[in-house]
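# Inside the fold
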Amino acid sequence: MYTGEERKKEEREHRLPPLPKAEIGKVVMRFAPNPNGPPTLGSARGIIINGEYCKEYKGKYILRFDDTDPKTKRPMPEAYGWYLEDFEWLGYKPDEVIYASKRIPLYYEYAKKLIELGGAYACFCKKEEFKKFRDSGTPCVHRNSSVEDNLEVWEKMLEGAYDEGEVVLRIKTDISHKDPAVRDWVAFRIIYTPHPLVGDAYCVYPMLDFESAIEDYLCKTTHILRGKDLRDSELRQRYIYDYFGWEYPVTIHWGRVNVLEFGKLSTSLIKREIEAGKYEGWDDPRLPTVRALRRRGITAEAIRRFYLALGLSESEVNVSMRSLYAENRKIIDPQANRYFFVADPVEIEIENLPEEREVLIPKNPNTGEKRVLLGEKVVYVSRDDFEKLNGDNVRLKDFCNVILGKRAKFVSYELLEAKKGRNIIHWLPKSFSKKCKVLGDRIWEGYAERGVEKEVGRVVQFERFGFCKIEKANDEIVAIYTHE
RNA sequence: GCUCCGGUGGUGUAGCCCGGUCAAACAUCCAGGCCUUUCGAGCCUGAGCCCCGGGUUCAAAUCCCGGCCGGAGCACCA
């Protein structure tokens, strides 16, 4: 139950600023990834921010695959499904899914119209050659070709009459525009590599800026929210909008996110490292992909709050995963059942233990549920604790006090004899511990408490160790380390 | 080099558009304490910030100019 105070706090913290020029029910937004790998924590920002606004304004949410580069950033066939999957897992449902690669003829139509309007021309300059023109702000000879000539070259491009790199279609902007990034940019280029979705149906592919400009117009996109890296796109695309007399959507750009723990991990870099065997796959728990986070037990809600808290700031931010973990902990801590996991176990025998006894331990402080553990002579404690507290009077949590050692001396059952806090450690009876392996930055081998095998698929708290998601429970329990 | 965007405690965010109520708020982190049979959770206290320099003004975190620092774009990538 929230108190009024708490609720207010919550709302203040997680509210997005109002969307400019937005009307309830009339907003159309899109999230447009290239499916050259699964969604990452970075992609999640786009999915979430756009998704939240769509929810708030009861708008239409489009998932658009910008998959028009079969060569350099080649789409992965599996990744389309991964996006659909993670999109919904994060809590959003696309009202429409668009595959740019399946709509290429549409782009051709607009390209032709643009040539007819004198807004585009075929350019035979080599890329390095054109760079000189761009840098100096001077036109190349092709810029003045007639509409008829351009049209003819364009048709021949489509027929496959040219080689890759021989000719491109450029948008005629302002060749001396003060920002070199917008000067006569490339709209279409020739690629003969077959596309994973449409094969060799086409050999002329649009560049992102062209495809995106046309799609946003066709879909009546009202608001574009994306990273700052695409800021210049607006400047470039506006030329197309101006030629056609269209109105450009409202744009908002957020700054780059640097996640401390991951550094600069691009999708293509991760791909290479997976191929090199450094990671098990795209859901390797060490990776910042959405599926890896899910596998680890990070909740969608935590990721959502994390990004809502970041907001729409244009400055680039350096954040730590610890912020995400803090959000996640707030969500899972009240639900997670408690168990003992003894990492790097040391076997100890309690001399002169008066009797074996079953002890009741809280399983879930929230529900008051308890679990039962057999307090017996031979128990495991973790190497860490053993080394730090050897010879000390320690409390085996909920069981008894002993002087810690390979051969430990029983002191008493009384809790009061233990100094509260510092020397209470967890333990496991030798007779029914299950082998358990925890996968994280490193691998911990040890024993887990009986009962954990019933928690497959759920996140539990291994007391004094951390939250873990139980993944498998066969001969051995396998858990993924979630966070502290 | 050219262009654009940013710079508020250690980190992140709010405030900036519409100057005063901001000697600056919230979260997290850190330090100490309380509570607790987890080193978890919760509670309390504390430390810590407007990049720099000019200008405008009775008054500047807020407006203007210059500098410095950071980032992004300048691809036949997205």
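Residues numbered from 1 in each chain as written. Chains lettered and ligands numbered in written order. Predicted model: local features only at pLDDT ≥ 70, side-chain atom pairs only at ≥ 80, totals over all residues. Heavy atoms only, no water.

## Considering the sheet that holds strand E21 (residues 424-425)
To be explicit about the condition: Only strands joined by at least two bridges in the DSSP assignment are considered to pair. Helix and strand assignments come from DSSP, with helices taken as H or I runs of at least 4 residues and strands as E runs of at least 2, each series counted from the N terminus.
Strand order in the open sheet formed by 7 strands is E21-E18-E19-E20-E14-E17-E22, and the pairing between neighbours is mixed. Each having just a single partner strand, E21 and strand E22 (428-429) make up the two edges of the open sheet. In this sheet, strand E20 (residues 407-412) lies alongside strand E14 (residues 345-351) in parallel orientation, the contact comprising 3 bridges. Directly across from isoleucine 350, in E20, lies its bridge partner alanine 408.

## Quick notes on the domain arrangement of chain A
The following threshold applies: What counts as a domain boundary in this text is fixed by an automatic or database domain assignment. The buried area of a pairing is the accessible area, by a 1.4 Å probe, that goes missing from both parts when the two are put together, added over both. For salt bridges, the criterion is a side-chain nitrogen of Lys or Arg within 4 Å of an Asp or Glu carboxyl oxygen. The definition of a polar contact used here is a pair of N or O atoms within 3.5 Å, where within protein one atom must be able to donate a hydrogen and the other to accept one, and adjacent residues in sequence count solely through side-chain atom pairs. Each residue gets one of three labels, nonpolar for Ala, Val, Leu, Ile, Met, Phe, Trp, Tyr, Cys and Pro, charged for Asp, Glu, Lys and Arg, and polar for the others, Gly among them.
Splitting chain A by domain gives domain 1 (13-102 + 211-327), domain 2 (104-206), domain 3 (346-359 + 368-429) and domain 4 (431-483). Taking only C-alpha atoms into account, the centre of domain 1 sits 28 Å from that of domain 2. Interface area, domain 1 with domain 2, both sides summed: about 2,500 Å², of which 69% is carbon and sulfur. For the domain 1 face of the interface with domain 2, the top three residues by lost area are Arg236, Tyr239 and Tyr243, together amounting to 25%. At the surface where domain 1 touches domain 2, the tally comes to 2 salt bridges. A salt bridge links glutamate 164 to lysine 71; the shortest N-O distance between them is 2.5 Å. Linking domain 1 with domain 2 are 9 residue pairs in polar contact (both at pLDDT 80 or more), by the criterion used here. Residue contributions to the side of domain 1 that touches domain 2 peak at 8 residues, all from helix H8 (residues 231-244). Here the residues of the side of domain 1 that touches domain 2 are counted per class, giving 15 nonpolar, 3 polar and 9 charged.

## Quick notes on the pattern of salt bridges
Put simply, the test is: Accessibility here uses a 1.4 Å probe with only protein chains present; expressed as a share of the type maximum, an area under 20% marks a residue as buried, one over 50% as exposed, and anything in between as partly exposed.
Here the structure, examined in full by the defined rule, presents 40 salt bridges. Between glutamate 314 and arginine 231 there is a salt bridge, with the nearest N and O atoms lying 3.7 Å from each other. Of the two residues, glutamate 314 sits in the loop between helix H11 (300-310) and strand E11 (317-319) while arginine 231 sits in helix H8, which places them 83 residues apart along the sequence. A relative accessible area of 40% means that arginine 231 is categorised as partly exposed.

## As for the protein's contact with RNA strand B
Defined as follows: A cutoff of 4 Å decides nearness: a residue is near a molecule or strand if any of its heavy atoms lies inside that distance of it.
Around RNA strand B sit 50 residues in total, of which Lys73, Arg134, Arg189, Arg256 and Arg464 are the nearest. Close to the protein, within 4 Å, the atoms of RNA strand B are drawn from sugar and phosphate at a rate of 68%. Contact between RNA strand B and glycine 165: a base nitrogen at 2.6 Å from a main-chain N or O atom of the residue. Here a phosphate oxygen of RNA strand B and a side-chain polar atom of arginine 189 are 2.3 Å apart. Elements represented by at least two residues in the surface near RNA strand B include exactly helix H5 (127-136), strand E6 (186-190), H8, H11, E11 and helix H12 (321-332). For the surface near RNA strand B, the per-class residue count stands at 13 nonpolar, 8 polar and 29 charged.

## Things to note about the environment of asparagine 34
Put simply, the rule reads: Whether two residues touch is decided by their heavy atoms; if any such pair falls within 4.5 Å, the residues are in contact.
Counting through the fold element by element, asparagine 34 comes out in the loop between strand E1 (28-31) and helix H2 (41-56). In the structure, asparagine 34 is positioned 234 residues away from serine 268 in sequence and 11 Å away in space, judged by C-alpha atoms. For asparagine 34, the contacting residues outside a window of four places in its chain are Asp66, Asp67, Lys73, Pro75 and Tyr83. A polar contact is formed between the side chain of asparagine 34 and the backbone oxygen of lysine 73, at a distance of 3.0 Å.

## A look at the packing of aromatic side chains
Definition in use: Under the pairing criterion, centres of Phe, Tyr and Trp rings, with the six-membered ring standing for Trp, must be within 6.5 Å; the plane angle then separates stacked pairs below 30 degrees from edge-to-face pairs above 60, leaving the rest tilted.
Per the counting criterion, the structure on display carries 34 aromatic pairs. Between the aromatic rings of tyrosine 110 and tryptophan 246, the centroid separation amounts to 5.7 Å while the plane-to-plane angle is 75°, which identifies the pairing as edge-to-face. One end of the pair, tyrosine 110, is in helix H4 (residues 104-116); the other, tryptophan 246, is in the loop between H8 and strand E9 (250-254), with 136 residues separating them in the sequence. Taking the relative accessible area as the measure of exposure, tyrosine 110 reaches 11% and is therefore buried. A residue is classified by how much of its surface remains accessible, and tryptophan 246, at 14% relative accessible area, is buried. Feature note: the residues Tyr110, Tyr217, Tyr241, Phe244, Trp246 and Tyr248 constitute an aromatic cluster, connected by ring pairs.

## Observations regarding unusual backbone geometry
One non-glycine residue, asparagine 352, adopts positive backbone phi at about 45°. Locating asparagine 352 in the fold gives a position in the loop between E14 and strand E15 (357-364). Despite not being glycine, aspartate 398 shows a phi value in the positive range, around 70°. Looking at the element boundaries, aspartate 398 is found in the loop between strand E18 (393-396) and strand E19 (400-403). Judged by its relative accessible area of 28%, aspartate 398 falls in the partly exposed class.

## Some words on the layout of surface pockets
Keep this limit in mind: In the cavity and pocket records, a cavity denotes points on a 1 Å grid over the protein atoms alone where a 1.4 Å probe fits but cannot get out, a pocket denotes an open set with protein on both sides within 12 Å along at least 5 of 7 lines, and lining residues are residues with an atom within 4 Å of a point. Grid points are joined across faces, edges and corners, and a volume is the space filled by probe spheres set on the points.
Within this model, the second largest pocket holds a volume of roughly 480 Å³. Along the wall of the second largest pocket there are 20 residues; nearest its centre are Glu261, Arg296, Tyr325, Asp441 and Tyr481. Elements with a contribution of two residues or more to the lining of the second largest pocket: H12 and strand E27 (477-483). Inspection of the lining of the second largest pocket shows a minimum of three residues originating in each of domain 1 (13-102 + 211-327) and domain 4 (431-483).

## Side note on the sheet that holds strand E13 (residues 341-343)
Note the threshold: Axis angles are defined between N-to-C directions and span 0 to 180 degrees, where every axis is a line fitted to C-alpha atoms and, for a helix, only to the segment in contact.
Reading across from one edge, E12-E25-E26-E27-E23-E24-E13 is the order of the 7 strands in this open sheet, with mixed pairing throughout. For this open sheet the edge positions go to strand E12 (338-339) and E13, each flanked by a neighbour on one side alone. Seen against the sheet, H12 touches strand E25 (459-462), strand E26 (466-473) and E27 and runs at an angle of roughly 120° to E27.

## Some points on helix H6 (residues 147-159)
Put simply, the rule reads: Multiplying 1.5 Å by the residue count of a helix minus one yields the expected span of that helix. Note: the arc covers the axis-to-C-beta directions of the helix.
Given a rise of 1.5 Å per residue, 13 residues ought to cover 18 Å, and the 18 Å separating the end C-alpha atoms of H6 matches this to within 8%. Along H6, the positions that sit buried rather than exposed are Asn150, Leu151, Val153, Trp154 and Met157. Projected down its long axis, H6 shows its buried positions confined to an angular sector of 165°, all on one face. Those residues of H6 that are exposed and angled more than 90 degrees off the buried face are Glu148 and Glu159. The secondary structure elements touched by the buried residues of H6 are H4, strand E4 (120-123), strand E5 (168-171), E6 and strand E7 (204-206).

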